[in-house]
Amino acid sequence: MAAPLGNVSLCQDFSQFMEKLKENRTTDDRIIYELNTTIPTTSFAANVNVTEKCKSLFDMVLATHSLRNQAINQCIEIQAAKTKVLKDQRDKDPEDYKVRKQLGREQTTLRLFQQELTIENIVQERAKKAFYERCRNYYTPTNAS
């Protein structure tokens, strides 16, 4: 069984982290489809509580956003700490090739995690925009940030 997204061990392997992140972005990537299946056409709307469906979909999307933000920020913190330790080691012995090489790798990984945070913000904004466009007549979240 794969580790959950919030698992610290995922921060050690960026590729594995990206796979879990991709799995967790499924709802956001398919938000239009989700909204189309959640919100019936006008002729079928009488049989369905559209407000409740929009609310539950919004709550689910918001929960996954929070989970992903926490996981990415946690990995950034871990990676930044690793990088700081290696920088301190490099400052003590600037000639140590292995430390410099490892520092470069860790800095690259840190930048990749930071890029993922930016991408995550874009994904979230796109999902919220789609949600707003389709559900605004039925449900307006009180904490839509």
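As recorded in an unreviewed UniProt entry, the protein chain goes by the name Protein MIX23, listed as coming from Ciona intestinalis. The UniProt entry for the protein chain carries the following text under Sequence similarities (unreviewed entry): "Belongs to the MIX23 family."

J.: Could you clarify how one ought to interpret the packing of aromatic side chains in this entry?
T.: In this description, a pair of aromatic rings is defined by centroid distance and the angle of the planes. Taken as a whole and judged by the stated rule, the model has 5 aromatic pairs. With 5.2 Å between their ring centres and 75° between their planes, Phe17 and Phe113 make a pair best called edge-to-face. Residue Phe17 is located in helix H1 (residues 14–24), and its partner Phe113 is located in helix H5 (residues 97–135); the two are separated by 96 residues in the primary sequence. Residue Phe17 shares its accessibility class with Phe113, and that shared class is buried. Both rings, one in Phe58 and one in Phe131, keep their centres 4.8 Å apart while their planes meet at 40°; by these two values the pair is tilted.

Cut-offs used in this document
Residues numbered from 1 in each chain as written. Predicted model: local features only at pLDDT ≥ 70, side-chain atom pairs only at ≥ 80, totals over all residues. Heavy atoms only, no water. UniProt positions renumbered as here; feature names shortened; annotations may be inferred. Phe/Tyr/Trp six-rings, centres within 6.5 Å; stacked < 30°, edge-to-face > 60°. Helix = DSSP H or I, 4+ residues; strand = E, 2+ residues; numbered from the N terminus. Buried < 20%, exposed > 50% of the residue type's maximum accessible area, 1.4 Å probe, protein only.

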